[in-house]
Amino acid sequence: MNSVLRALLASLIAVAACTACTGDGSGGGSGRGLEDPAKKDIAMRIVSSAENSSLDWKAQYKYIEDIGDGRGYTAGIIGFCSGTGDMLAVVERYAKARPGNALERFLPALRAVEGSDSHEGLGKPFTRAWQRAATSDAAFRTAQDAERDETYLLPAVRRAEQDGLGALGQLIYFDAYVMHGADASESSTGFRALREKALAGAEPPAEGGDEEDYLNAFLDARVAAIREEPSHSDTSRVETAQRVFVRERNFDLEPPLNWRVYGESYRIGASAAPPAG
């Protein structure tokens, strides 16, 4: 074998070894983050265990109730709220996709109650219309999916990738976006404020830090934030769920997964099938 061929072979071996170690380069672990359908489904099941006490997140499109947290109605696959504006965004998306739908007439009321826990102009006619739309119209379910992805999932995934985090870190960021929003003000418990607090105590993998140390620092900030909110004082979605995966260094979020939330036990088995489609 001549020197040129030897050099070429050595180069190919090095590239193969690098690829085997780092995956596709999109974050920590194997590189299969939450944009992979199977990992996204796992993340949604874990979030649903905390939001709805069920792994069947697809059954939650029709969910709607006032849980008494000061945010009005909570509904849908990640708990869109009438008081925070994301429920309004879902209905606006639906109105664009399906003009004249039964929820469109509630848009003025949803705009009026934003920032409060009021039900004025909504009530049972609205909750029934929400449930009927979720059951009968795929366009409404698509509107929920799109709002979840654009406002919560994709920003969390992009930031996690930039911080060098794998699927677990992406889940942790996503869940923080869902529960706390994105606010960065100093007094806020929003995602950006939580990340700044974590960075004060640990470096992310993208800057040479240890993934476990950084994720624990972020979760420490989350626990403190949850304890500041009387309606969300239970920290089990962190301490007996996400923290468990961090302690196991399961940065790729590979099943089997076992965790507890609000005293209930959950499991995703090793043979968990990827979602259809």
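Conventions used here
- Residues numbered from 1 in each chain as written.
- Predicted model: local features only at pLDDT ≥ 70, side-chain atom pairs only at ≥ 80, totals over all residues.
- Heavy atoms only, no water.
- pLDDT = per-residue confidence, 0-100.
- Contact = heavy atoms within 4.5 Å.
- 1 Å grid on protein atoms, 1.4 Å probe; cavity = no way out; pocket = protein on both sides within 12 Å on 5 of 7 lines; lining within 4 Å.
- Points joined across faces, edges and corners; volume = space filled by probe spheres on them.
- Helix = DSSP H or I, 4+ residues; strand = E, 2+ residues; numbered from the N terminus.
- Nonpolar A, V, L, I, M, F, W, Y, C, P; charged D, E, K, R; others polar.
- Phe/Tyr/Trp six-rings, centres within 6.5 Å; stacked < 30°, edge-to-face > 60°.
- Buried < 20%, exposed > 50% of the residue type's maximum accessible area, 1.4 Å probe, protein only.
- Axes fitted to C-alpha atoms, helices over the stretch in contact; angles between N-to-C directions.
- Parallel < 35°, antiparallel > 145°, perpendicular 65-115°, else oblique.
- Left-handed = near helix turned anticlockwise from the far one by under 90°.
- Polar contact = N/O pair within 3.5 Å; in protein donor to acceptor, adjacent residues only side chain to side chain.
- Salt bridge = Lys/Arg side-chain N within 4 Å of Asp/Glu carboxyl O.
- Core = buried A, V, L, I, M, F, W, Y, C linked by side-chain atoms within 4.5 Å.

> Now, about the confidence of the model for the protein chain: what can you tell me, with residues and values included?
Within the protein chain, residue pLDDT values average 88, and 84% of them lie at 70 or more. Low pLDDT, under 50, characterises residues 3-27; the stretch is placed with 16 contacts to residues that sit more than four places away or in other chains.

> Which residues make up empty space enclosed by the protein, and what values go with them?
Summed over the entire model, instances satisfying the criterion amount to one cavity of 30 Å³ or more. Its boundaries defined by the atoms lining it, the largest cavity holds a volume of some 30 Å³. Elements with a minimum of two residues in the lining of the largest cavity: α2 (37-51) and α10 (236-247). Here the lining of the largest cavity is built from residues that sort into five nonpolar, two polar and two charged.

> I'd love a proper account of the packing of aromatic side chains, names of residues and values included.
Within this structure, the stated rule accounts for 12 aromatic pairs. Ring geometry for Y94 versus F140: centroids 4.9 Å apart, planes at 45°, classification tilted. With Y94 in helix α3 (residues 86-97) and F140 in helix α6 (residues 138-162), the pair connects residues that are 46 residues apart, well separated along the chain. Looking at Y94, the relative accessible area reads 4%, which means it is buried. What links up through ring pairs into an aromatic cluster is the set Y73, Y94, F106, F126, W130 and F140.

> Break down the packing of α3 against α6 for me, citing the residues and quoting the values.
For the pair α3 and α6, interaxial distance at closest approach is 9 Å and the crossing angle is 130°. When the axes of α3 and α6 are compared, the pair comes out oblique. Crossing handedness for the pair α3 and α6: right-handed. Note on element contacts: α6 touches α3 through A139, F140, A143, Q144, A146, E147, E150 and Y152, opposite D86, A89, V90, R93 and Y94. Across the contact of α3 with α6, the residue classes break down as eight nonpolar, one polar and four charged.

> Explain the environment of S265 to me, using residue names and the numbers behind them.
Within the element layout of this structure, S265 appears in strand β5 (residues 264-268). Between the C-alpha atom of S265 and that of A241, which follows or precedes it by 24 residues, the distance is 9.6 Å. Those residues in contact with S265, other than ones at most four positions away along the chain, are W259 and R260. Separated by 2.5 Å, the side chains of S265 and R260 make a polar contact.

> Outline helix α8 (residues 191-199), supporting the account with residue identities and numerical values.
Inspection of α8 places F191, A193, L194, R195 and A198 among the buried residues, and these make up the whole buried set. Looking at the packing, one finds that the buried side of α8 touches α6, α7 (167-180) and α9 (211-228).

> So what's going on with the pattern of salt bridges? Residues and values would help.
Evaluated as defined, the whole model comprises 21 salt bridges. The residue D175 makes a salt bridge to R222 at a minimum N-O spacing of 2.6 Å. Of this pair, D175 sits in helix α7 while R222 sits in helix α9, and the two are 47 residues apart along the sequence. Accessibility assignment for this pair places D175 and R222 in one class, buried. Look at the salt bridges and you will find they share partners, linking K40, D145, R148 and D149 into a network.

> Would you mind going over the nonpolar core in detail, with residue names and values included?
Across soluble globular proteins, you tend to see nonpolar side chains buried next to one another. Ranked by internal contacts, the top residues of the largest apolar core, which has 77 residues, are L103, F126 and W130. Here this core takes 10 residues from α7, the largest share from any one element.

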